[in-house]
Amino acid sequence: MAARDPLPSSGNWEPWTGGVFLHHRGRFTFSPDNEEDCKADVAATFESTLEEGYTDIYYNFMVCPHGTIYEARGYERGEANGGTWVEVDGRMRGSNTAFYSICGLLREWDQPTEDMLRSIRNLIAHLRNEVPEDRRAGRHILPHSAAYDTECPGNLSPYAMNGSSVDPAVPWDGPLAVDPNVLAAQKWVNATYDGRAEGYIRCRESGRTGWATVLSLTQALQYELGISPTVQNFGPGTFAAVQHRGHRPDTETNLNIICIYNFALWCKGYWASGTPYVWNSTSVDSLQQLIDDMGLSGARINGELWARISKALLTMDQFRLVPGGDSTIQSIQRRLNHRYVYERAIPAINLVPCDGIYSREVQKGLMMAIQYELGIAPADINGNFGPGTQAGLRSRGAGTLTGDLRYLFRAACYFNSPTYSGSQEIDYLPGDIATDAQTGTHTSWLRTFQQFSQLPVTGANDYATWAQLLVSTGDSQRPATGCDCITEITPARARALKESGYQIVGRYLDEHLPPDDPYYLGKALKPGELQNIFAAGLRVFPIFQYNGTQLANFTYDKGWEQGRTAHDKATEFGMGHGTCIYFAVDYDALDVEIDSNIIPYFRGVRDILSARGDKYTFGVYGSRNVAARVSREVGAKWSFVSGMSWGFSGNLGYPLPANWSLNQIHEFEFQPGWGLDRNVWRQGGDPGVSSVSDSPE
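Reference entry: report on the structure contained in this document.

Analysis parameters
- Residues numbered from 1 in each chain as written.
- Predicted model: local features only at pLDDT ≥ 70, side-chain atom pairs only at ≥ 80, totals over all residues.
- Heavy atoms only, no water.
- Pairing = 2+ DSSP bridges.
- Helix = DSSP H or I, 4+ residues; strand = E, 2+ residues; numbered from the N terminus.
- Axes fitted to C-alpha atoms, helices over the stretch in contact; angles between N-to-C directions.
- Contact = heavy atoms within 4.5 Å.
- Core = buried A, V, L, I, M, F, W, Y, C linked by side-chain atoms within 4.5 Å.
- Buried < 20%, exposed > 50% of the residue type's maximum accessible area, 1.4 Å probe, protein only.
- Salt bridge = Lys/Arg side-chain N within 4 Å of Asp/Glu carboxyl O.
- Arc of directions from axis to C-beta.
- Patch = residues over 30% accessible without salt bridge, like charges linked within 9 Å, V, L, I, M, F, W, Y side chains within 5 Å.
- Areas by Shrake-Rupley, 256 points an atom, 1.4 Å probe, with all protein chains shown as cover.
- 1 Å grid on protein atoms, 1.4 Å probe; cavity = no way out; pocket = protein on both sides within 12 Å on 5 of 7 lines; lining within 4 Å.
- Points joined across faces, edges and corners; volume = space filled by probe spheres on them.
- Nonpolar A, V, L, I, M, F, W, Y, C, P; charged D, E, K, R; others polar.

Before going further, it helps to examine the sheet that holds strand β2 (residues 61–63). Judged by pairing direction, the sheet is mixed, and its 5 strands sit side by side in the order β3-β2-β6-β1-β7 without closing on themselves. Because the sheet does not close on itself, it has two edges, and the strands there are β3 (69–71) and β7 (140–143). Strand-to-strand, the axes of this sheet are offset by a mean angle of 25 degrees, without reference to chain direction. As judged from the 7 bridges shared by strand β1 (residues 19–26) and strand β6 (residues 99–107), these two strands associate in the parallel manner. By the bridge assignment, His24 is partnered in β6 with Gly104. The sheet contacts of helix α1 (residues 35–51) involve β1, β2, β3 and β6, and relative to β3 the element is tilted by about 30 degrees.

Structure representation (structure tokens):
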């Protein structure tokens, strides 16, 4: 909506070298009930700027809470950005000569509406792409405060940056849940320590909590404790310094440290003092609530325990139930903290999250607790499933467990729930965790789990079952009839595999590197190799991997292209209808990467195989989490689990996927110069390929 014809630009006007500044209306009284109120405020802005001696309104555009865009100076140069200089792309630019000014009609304390934000985003896109070239906006989005000492644009500040919701160059992610106390923490820590604490890394002033903020607060604490240079890690040095100082916030004399702890509480989601340099009753109550949420009710907080609490406070770990969290898991988490952090004070253990989610940190805490109950010296406890832990579990045999070790075994059962009987999910009952009774429901679940995991069905807590509950490899030395390798299977090798009890071998359909490449492995199936495998009485399952160790390899288009190549190669080798081809994700893909890249890649695979007539089905090779999500969300028929990579985050805190067919558990040299991966091949799983056609379709 145009206000009136603006006066022509005066002076230089080069918006393509800069971009846009965001503003707000400051402390002006403004509570619009309807669009007429917004129009009145726009008119009042015109009047006030003329009264201040300007020849025209100083904004280019104004956007109201209803999303209406008012054209003020429009595409002519404005005067709202301070008339100073800002550095962009390594050069100094005039704040007025290089930037449009967009004003949101909101007061200092108002929150922007979604309609306002969407309109600002659309306006920026228009200024970047649709206006004449000599009026187009550059790519930068800045707050008024970048050029002038002001709090403007207030609660628009978290959006006044590239990559925010209003930046049309990135996907829209909605209005930020801006917490003014978190925003205050971000502004304070940056203003106080940037350029002062060696190594300090600024956090984004978004009003949204996250790792960047708490790590900046960690560096602030290090500086106040005399640590230099500061680093974004609460390591042993920081721990020792907090313990040595010996002050809880209520006895702390350093006002900046009090400020850090208050802001850390806000970032953790707890109330704290409105005056950050003061540790008041709100701070006291919130810290006690956090301590209770950690499972430490009634604990006497000495210097060492306070250092552990401080470390947990300066993380994004949650200690209250989160959406999707499980209250039974939360009770286990709190018990781990109380018994093994507070009562037993295992040196290497950290306070585990108490959010109701079984995660990597919880699994590590569980492992340390088991090591303690097995009698491993506290100083030697490390959370690894190493020789000492394995020997301790083996020495217990399959006898009846009682007390704390029994509790930990049953907690591990709950963490691995549900298990499956055919397609039916079987949940572990919470009531079976905290009892020494050998209940029928516990034994029934355990037997089902053993059968599902392809273990001897004993209904007992034998070593193989312990191992399967605790690590993705399980007992890496247990019997396995599957294998895979990058080496050609000659007739002699095929016979050797068969004589060693193997029944199925995984081989690659193709290799993306040419033979003259220094990284060429020669891993693809060779002419006549399938006949060597079949002649020995073995089956084969085909694998496809083109550089599956890098995120950039996984896009919808690459999935389509590689699915097409896999289809053509399988057809070339004469593999029949229904053959399952396993596409590999050979790295520890996180959930955010699964969302952004892995799922689209497999959709590409699925779509091209469907377009080719669904001659072949597709499976997924990857961590438990990758395999489960691709199977559930894209429809992979079978999972080939990279259980051997037991340290992958996607293998910690996740049960075996329901459709697992192969579980890779051990890498070794089968013969000199011939490496082999051992795979547990599930009975009733993917049958693989036992013959091929001499006349491929």
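Ranked by internal contacts, the top residues of the largest apolar core, which has 87 residues, are Leu221, Ile309, Ile370 and Leu470. Tallying contributions element by element places helix α6 (residues 255–268) first for this core, with 10 residues. If near-sequence neighbours (up to four positions away) are discounted, Ile309 is found in contact with Ile291, Met294, Leu296, Ile301 and Leu351. Among the nonpolar cores identified, the runner-up in size contains 48 residues, and Ala494, Phe618, Ala627 and Phe670 belong to it.

Across a sheet, strands are paired by hydrogen bonds formed along the backbone, either parallel or antiparallel in direction. With mixed pairing, the 8 strands of this closed barrel are ordered in space as β10-β11-β12-β13-β14-β15-β16-β17. Between one strand axis and the next, the sheet turns by 30 degrees as a mean value, whatever way the strands run. Where strand β10 (residues 482–484) lies against strand β11 (residues 504–508), 3 bridges are found, and the strand directions are parallel. Looking across to β11, one finds that Cys483 is bridged to Val505. Helix α19 (residues 624–634) rests against β14 (617–622) and β15 (639–641) of the sheet, and its axis sits at about 155 degrees to β14.

We now examine the pairing of β1. For β1, a buried count of 8 out of 8 residues is recorded, marking the element as mostly surrounded by other parts of the structure. Here β1 pairs with β7 via 4 bridges, running parallel. Residue pairing in the sheet places Val20 in a bridge with Ile141 of β7.

Scanning the model with the defined rule gives 28 salt bridges in all. For Glu633, the salt bridge goes to Arg629, with nearest N and O atoms at 2.7 Å. With Glu633 and Arg629 both in helix α19 and 4 residues apart, this pair spans about one turn of that helix. Taking relative accessible area as the criterion, Arg629 reaches 9% and is therefore assigned buried. Through salt bridges that share partners, Asp591, Asp595, Arg629, Arg632 and Glu633 make up one connected network.

Regarding helix α5 (residues 236–245), the residues found buried are Thr238, Phe239, Ala241 and Val242. All buried residues of α5 fall inside an arc of 165 degrees around its axis, so they share one side. Away from the buried face of α5 by more than 90 degrees, exposed residues Pro236 and His244 are located. Buried residues along α5 sit against α4 (211–224), α6 and α8 (303–313). The positive-phi residue at the C-terminal boundary of α5 is Gly246, with phi of around 75 degrees.

Let's shift gears to the environment of Gly619. Relative to the assigned elements, Gly619 resides in strand β14. A residue is classified by how much of its surface remains accessible, and Gly619, at 0% relative accessible area, is buried. Considering only alpha carbons, one finds Gly619 and Asp686, 67 residues apart in sequence, at a separation of 9.6 Å. Excluding anything up to four places from it in sequence, Gly619 contacts Cys580, Ile581, Tyr582, Phe583, Phe602, Ala636 and Trp638.

We now examine a nonpolar patch on the surface. On the surface, Leu255, Tyr277 and Val278 cluster together to form a nonpolar patch covering roughly 260 Å² of accessible area. The topology assignment puts Val278 in the loop between α6 and α7 (281–293).

Before going further, it helps to spend a moment on unusual backbone geometry. Between Cys152 and Pro153 the backbone carries a cis peptide bond, its omega angle lying at 20 degrees. With respect to the element layout, Pro153 can be found in the loop between β7 and α3 (180–193). Residues Ser228 and Pro229 are joined by a peptide bond in cis, for which omega reads -5 degrees. Residue placement: Pro229 occurs in the loop between α4 and α5. Even without being a glycine, Ala345 presents a positive backbone phi close to 50 degrees. When you line up the elements, Ala345 lands in the loop between α9 (327–343) and α10 (360–373). Look at Gln454: it is not a glycine, yet its phi comes out positive at around 60 degrees.

This part covers the layout of surface pockets. By volume, the largest pocket amounts to about 940 Å³. As for the largest pocket, its lining consists of 33 residues, of which Trp211, Asp317, Pro353, Ser359 and Glu361 are closest to the centre. Of all the secondary structure elements, the ones that give two or more residues to the lining of the largest pocket are α4, α8 and α10. Of the residues belonging to the lining of the largest pocket, the class tally is 15 nonpolar, 11 polar and 7 charged. By volume, the second largest pocket amounts to about 490 Å³. Around the second largest pocket, the lining comprises 25 residues; the ones closest to its centre are Ile486, Tyr508, Gln545, Asp586 and Asp677. For the lining of the second largest pocket, the elements supplying multiple residues, two or more each, are β16 (660–671) and β17 (674–681). With 3 residues, the single largest contributor to the lining of the second largest pocket is β17. Broken down by class, the residue content of the lining of the second largest pocket amounts to 12 nonpolar, 7 polar and 6 charged.

From the geometry alone we can't say anything about function, so treat these as descriptive.
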